[in-house]
Amino acid sequence: MYLGIDCGTQGTKALVLDIHSGRVLGEGSAGHQLISGANGRREQEPADWLQAFELATARALQQAGVSGREVLGIGVSGQQHGLVLLDAKGEVLRPAKLWCDTESAAENAQLLDLLGGESGSLERLGVAIAPGYTVSKLLWTRDHHPEVFARIAYILLPHDYLNYWLTGRFCAEYGDASGSGYFNVRTRAWDSQLLESIDPSGALSRALPELIESHRCVGPIRPQIAELLGLNPRALVASGGGDNMMGAIGTGNIAPGAITMSLGTSGTVYAYADQPRVSPHPQVATFCSSSAGWLPLICTMNLTNASGAIRELLGLDVEAFGALVGQAPIGAQGVLMLPFLNGERVPALPQATASLHGLTTDNLTRANLCRAVVEGTTFGLRYGLDLLRDSGIRSDAIRLIGGGAKSAPWRQIVADIMGAPVACPQHTEAAALGAAIQAAWCVSHEQGEALSLDSLCERCVTLDETRGAQPDALRSRAYEGVYQRYRELVRQLQ
Ligand SMILES: Nc1ncnc2c1ncn2[C@@H]1O[C@H](COP(=O)(O)OP(=O)(O)OP(=O)(O)O)[C@@H](O)[C@H]1O
Ligand SMILES: O=C(CO)[C@@H](O)[C@H](O)CO
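Residues numbered from 1 in each chain as written. Chains lettered and ligands numbered in written order. Predicted model: local features only at pLDDT ≥ 70, side-chain atom pairs only at ≥ 80, totals over all residues. Heavy atoms only, no water.

**Description of the UniProt feature "active site" (unreviewed entry) in the protein chain**
Link 1 in the chain: The UniProt entry lists Asp243 under the feature "active site" (unreviewed entry), expressed in the numbering used here.
Link 2 in the chain: Here aspartate 243 shows up in helix α11 (residues 243-250).
Link 3 in the chain: Look past the residues within four positions of aspartate 243 in its chain and what remains in contact with it is Asp6, Ser77, Gly78, Gln79, Gln80 and Ala431. (UniProt positions renumbered as here; feature names shortened; annotations may be inferred. Helix = DSSP H or I, 4+ residues; strand = E, 2+ residues; numbered from the N terminus. Contact = heavy atoms within 4.5 Å.)

Given below as structure tokens:
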């Protein structure tokens, strides 16, 4: 048995994978609190993640009906880019700023200037640092909390922190590290010099963890944590990775050709690449994968947070919301929503606010509002997919995951807007599944009987034939006009 954990924004999900049958035997989840501020602050207490880890694990084991003592390995997936700061004793110094924090957007702009703009950043790091990346949070901490900054002894990403809690070892792996903004994706090494421009004393560079390969284990679980979680004290903890990297493994996206699209709190679209072919488009992030390759990705910051906001405003549950989306026609009778409630990364509009366009007395209906938010958020993903396509990435078929993928009308809208067939894996908790699969891969290496990741994915990732969607040429054509209107409104905002 392998345990896969995904520490996300809204909560932690856990699942138990039987590696021989490739079946998920049980799943569990537990929520997290979000600390929000009007200035774009989005933070979480790492202690919350630990509590949720414990609860979600207990629930998954209970549903699976297996003893935790059967667990041979644990894989952890985490929200990318979050900043966890520890003091010399390994204690958390302050709440973690998250991937969706835009309070530090000004610091990102400052660092981008230092790097010579987006082109300078692309040339030096292989990625153009964007609001939300870890590096800007370090500069923000220096300028807003100098007393905390002075005590930094370890800099970790969320999943690195959970691995540290599990094993007592400070380390990082390439996939998640590549989203830090102080990592060179071509050479797969930290860019310590960039950190020295934030702190010339060199203390930040010294606080960076050691990097390990994706197929390695961090080490055995600490006895007291094994006892707390009711797990096998000999269980090994895998390198783990960022949630998108793990989602790639959990959708079998570990070779060029496939596209994974996630309709979660963030919207992401990503592919696998076996070379770091850096796109000339600064909004395409050529991250490393957590399967020994690269992961060109685009990320939108407004997806189910925006659909959820409209849904809650109208007092609807997800079923009623989906039914209304299905009732409205393509283009929501002229109602178009730019859903940038949280600022936006792709298109690059960190300071943008959301807006509704084209309202008249005739079209202001609940159904049109629901349709407009789903279409508006999906257009953001199309905008990103166009950038990926323009960078030479194939998108013959889309593997759709995340909460929004549970909605049949949304799946059809994705197929029509992207002009590509959509398939959903059996397990939409792809990041937790990917983490469990990666754990089996890492443990097999540790035991000297290396399994191929390919064969593991083939066994554990299956598609759900009942939840696919095919694009329809007529509908796709109808969407093209609406999408061009979206692009024009985005251009005006830019
Ligand atoms: N049928 C549905 N239609 C529309 N939205 C849905 C549906 N089912 C779930 N959702 C939304 O999906 C969201 C959760 O998605 P998901 O679990 O993928 O998020 P996530 O990004 O993995 O979470 P986290 O932020 O914790 O990482 C919730 O906001 C929920 O309202
Ligand atoms: O910021 C990104 C990707 O760059 C998000 O997808 C987070 O990983 C969400 O957890």
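The rest of the description comes next.
**Remarks on the site of ligand 1**
Link 1 in the chain: Near ligand 1 you find 15 residues, and of these Thr9, Gln10, Lys13, Thr265 and Gly403 are the closest.
Link 2 in the chain: At a separation of 2.7 Å, an oxygen atom of ligand 1 approaches a polar backbone atom of glutamine 10.
Link 3 in the chain: Glycine 11 is positioned with one of its backbone polar atoms (N or O) 3.2 Å from an oxygen atom of ligand 1.
Link 4 in the chain: Elements supplying a minimum of two residues to the shell around ligand 1: β2 (11-18) and α12 (304-313).
Link 5 in the chain: Looking at side-chain class alone, the shell around ligand 1 contains one nonpolar, 11 polar and three charged residues. (Near = heavy atom within 4 Å. Polar contact = N/O pair within 3.5 Å; in protein donor to acceptor, adjacent residues only side chain to side chain. Nonpolar A, V, L, I, M, F, W, Y, C, P; charged D, E, K, R; others polar.)

**Digging into helix α14 (residues 366-390)**
Link 1 in the chain: With 25 residues, α14 should reach 36 Å at 1.5 Å per residue; the first-to-last C-alpha distance of 36 Å fits that figure.
Link 2 in the chain: Burial within α14 is extensive, with 21 of its 25 residues counted as buried.
Link 3 in the chain: At the C-terminal side of α14, glycine 392 shows a positive phi close to 90 degrees. (Expected span 1.5 Å × (residues − 1). Buried < 20%, exposed > 50% of the residue type's maximum accessible area, 1.4 Å probe, protein only.)

**Things to note about the environment of glycine 252**
Link 1 in the chain: Within the secondary structure, glycine 252 sits in the loop between α11 and β17 (258-263).
Link 2 in the chain: For glycine 252, a relative accessible area of 25% corresponds to the partly exposed category.
Link 3 in the chain: Sequence separation between glycine 252 and alanine 150 is 102 residues, and the spatial gap between their C-alpha atoms is 43 Å.
Link 4 in the chain: In this view, glycine 252 contacts Arg399, Cys457 and Val461; residues no more than four positions away in its chain are not counted.

**Overview of the nonpolar core**
Link 1 in the chain: Residues Leu400 and Tyr486 are the most contacted members of the largest nonpolar core, which totals 57 residues.
Link 2 in the chain: At 12 residues, α14 tops the list of elements feeding residues into this core.
Link 3 in the chain: Ignoring sequence-local partners within four residues, the contact set of tyrosine 486 consists of Leu336, Leu338, Phe340, Pro347, Gly376, Phe379, Gly380 and Tyr383.
Link 4 in the chain: If you look at the next biggest cluster of nonpolar residues, it comprises 45 residues, including Tyr133, Ile155, Leu195 and Leu204. (Core = buried A, V, L, I, M, F, W, Y, C linked by side-chain atoms within 4.5 Å.)

**Let's talk about the site of ligand 2**
Link 1 in the chain: For ligand 2, the full set of nearby residues is Gln79, Gln80, His81, Trp99, Asp243, Asn244, Ser266, Thr268, Phe287, Leu297, Cys299 and Arg345.
Link 2 in the chain: Within the side chain of aspartate 243, a nitrogen or oxygen atom sits 2.4 Å from an oxygen atom of ligand 2.
Link 3 in the chain: Contributions of two or more residues to the shell around ligand 2 are made by α11 and β20 (294-300).

**Digging into unusual backbone geometry**
Link 1 in the chain: At the junction of valine 346 and proline 347, the peptide bond is cis and its omega measures out at -5 degrees in the coordinates.
Link 2 in the chain: Secondary-structure assignment places proline 347 in the loop between β21 (336-338) and β22 (355-357).
Link 3 in the chain: The phi torsion at arginine 188 lies on the positive side, around 55 degrees, for a residue other than glycine.
Link 4 in the chain: Relative to the helices and strands, arginine 188 is located in the loop between β11 (183-184) and β12 (189-190).
Link 5 in the chain: Among the residues examined, arginine 188 registers a relative accessible area of 16% and is labelled buried.
Link 6 in the chain: The residue glutamine 333 is not glycine, and still its phi comes out positive at about 50 degrees.
Link 7 in the chain: Summarising the element assignment, glutamine 333 is placed in the loop between α13 (318-327) and β21.

**Regarding the side chain of aspartate 416**
Link 1 in the chain: Position of aspartate 416 relative to the elements: it lies in helix α15 (residues 408-418).
Link 2 in the chain: Judged by relative accessible area, aspartate 416 falls into the buried class, the value being 2%.
Link 3 in the chain: Excluding anything up to four places from it in sequence, aspartate 416 contacts Gln470, Pro471, Asp472, Arg475, Ser476 and Tyr479.

**Overview of the sheet that holds strand β4 (residues 35-36)**
Working definition: the strands of a sheet are paired by backbone hydrogen bonds and lie parallel or antiparallel to each other.
Link 1 in the chain: The strand order β4-β5-β8 describes an open sheet built from three strands, whose pairing is antiparallel. Bordering the open sheet on either side are β4 and β8 (96-97), each of which pairs with just one other strand.
Link 2 in the chain: Two elements, β4 and strand β5 (residues 42-44), share two bridges in a ladder whose sense is antiparallel. The residue of β5 that forms the bridge with serine 36 is arginine 42. (Pairing = 2+ DSSP bridges.)

**Considerations on the pattern of salt bridges**
Link 1 in the chain: Evaluation of the coordinates by the stated rule reveals 21 salt bridges.
Link 2 in the chain: Across the pair arginine 216 and glutamate 446 runs a salt bridge whose closest N-O atoms are separated by 3.9 Å. One end of the pair, arginine 216, is in the loop between β13 (210-212) and β14 (217-220); the other, glutamate 446, is in helix α16 (residues 430-446), with 230 residues separating them in the sequence.
Link 3 in the chain: According to the relative accessible area criterion, arginine 216 is partly exposed, its value standing at 35%.
Link 4 in the chain: Put simply, glutamate 375 and arginine 371 hold a salt bridge, and the shortest N to O gap is 2.9 Å. With glutamate 375 and arginine 371 both in helix α14 and four residues apart, this pair spans about one turn of that helix.
Link 5 in the chain: A residue is classified by how much of its surface remains accessible, and glutamate 375, at 2% relative accessible area, is buried. (Salt bridge = Lys/Arg side-chain N within 4 Å of Asp/Glu carboxyl O.)

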